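Chains, contacts and geometry: an overview
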Amino acid sequence: MKQDIPQPLNGLLAAGGALSIIIAWQFLLPLAGVPSYILPTPVEIARIFTKEGALLWTNFWPTVYEAVMGFLLGNGVAVLLAVIFVLNRYIQAAYFPVILFLNTIPVLALAPVIVLIFGLGVLPKIIIAAVICFFPTLVNMIRGLESPNSSEIELFRVLSASRLETMWKLRLPRSMPFLFASLRIASATAVIGAVVGEWIGSDKGLGAMIIQATFNYQSGRLYAAITLCSLLAIVLFLIVVSVERLVLRYERH
């Protein structure tokens, strides 16, 4: 029988795994002859944070704003649309295939169109981040809202509950695990969307810094910007996990 790992030990194992990779990166890659201009060591990347910290953090905050606003917009619209689809099957039948078709367009192909329509400001980056978050949350939320079985739905009908009451008291609580599963994924994809938007047309943000560092062969700055993107995604993920625990704990009580 599979045994669960205690939470403190699980955290220690995760920290140990990350530390072992960093140590191997720091010492084994130089021994293997990998030049620093291709893959700088963690110590060299840390020096970049010391030398160019002001530049890195100046470009960090625009990406934070775009990712967070895109996360909220994309997931908010997805939840609202999922509720509408479940309440009205005709609307779902009419528009879900259209949304499915739009989702087949790669974000790298869609991003220039969004920038062309909305210009080079912050708004297109937010929209791109929202678009990349939207579809997984919509699909998961519809699945969660439809998860109550027929006996539970019939019980609410017997109790003369309206469709909105059934939605609020039965379907929405049941959908929370599905919603937070998609939000965990969206916490990372929102950062990807913001960075992709900055690639297409921007002179600030981590995405713009990544492009500039790549073209100028500034590998230390490139990996420092990538590290900040990763840290941002991890922070958003941890926030989602914390909110999920609070919401599920409240529902149990």
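Residues numbered from 1 in each chain as written. Predicted model: local features only at pLDDT ≥ 70, side-chain atom pairs only at ≥ 80, totals over all residues. Heavy atoms only, no water.

**What to know about helix H5 (residues 107-118)**
Compared with the 16 Å implied by 1.5 Å per residue over 12 residues, the 16 Å span of H5 between its first and last C-alpha is a close match. Among the residues of H5, those classed as buried are Ala 111, Ile 114 and Val 115. Angularly, the buried residues of H5 cover 100° about the axis, an arc narrow enough to put them on a single face. Relative to its buried face, H5 has exposed residues pointing more than 90 degrees away, namely Leu 116 and Ile 117. (Helix = DSSP H or I, 4+ residues; strand = E, 2+ residues; numbered from the N terminus. Expected span 1.5 Å × (residues − 1). Buried < 20%, exposed > 50% of the residue type's maximum accessible area, 1.4 Å probe, protein only. Arc of directions from axis to C-beta.)

**Thoughts on the nonpolar core**
Ranked by size, the top nonpolar core spans 45 residues in total, and within it Leu 138, Met 141, Leu 145, Val 191 and Leu 232 carry the most contacts. Counting residues per element, the ones that place at least two in this core are helix H2 (42-51), helix H3 (53-87), helix H6 (122-145), helix H8 (163-200), helix H9 (206-215) and helix H10 (219-252). Among the elements that line this core, the one with the most residues is H8, at 11 residues. When residues no more than four places from it in sequence are discounted, the contact partners of Leu 145 are Ala 82, Val 83, Val 86, Met 167, Arg 171, Leu 172 and Ser 175. Ala 111, Ile 114, Val 115 and Val 196 belong to the second-largest nonpolar core, a separate cluster that totals 6 residues. (Core = buried A, V, L, I, M, F, W, Y, C linked by side-chain atoms within 4.5 Å. Contact = heavy atoms within 4.5 Å.)

**Side note on the state of the cysteines**
Each disulfide is one covalent bond, formed between the sulfur atoms of two cysteines. Applying the stated criterion across every chain, the model contains 0 disulfides. Note on Cys 133: no disulfide assigned, nearest cysteine sulfur contributed by Cys 229 at a separation of 14 Å. By relative accessible area, which is 1% here, Cys 133 ends up buried. (Disulfide = S-S within 2.5 Å.)

**Side note on the packing of H3 against H6**
Axes are the key here: two packed helices are described by the angle between their axes and the distance separating the axes. For the pair H3 and H6, interaxial distance at closest approach is 6 Å and the crossing angle is 35°. Crossing angle aside, the handedness with which H3 passes H6 is right-handed. The residue makeup of the contact of H3 with H6, split by class, is 22 nonpolar, 4 polar and 2 charged. (Axes fitted to C-alpha atoms, helices over the stretch in contact; angles between N-to-C directions. Left-handed = near helix turned anticlockwise from the far one by under 90°. Nonpolar A, V, L, I, M, F, W, Y, C, P; charged D, E, K, R; others polar.)

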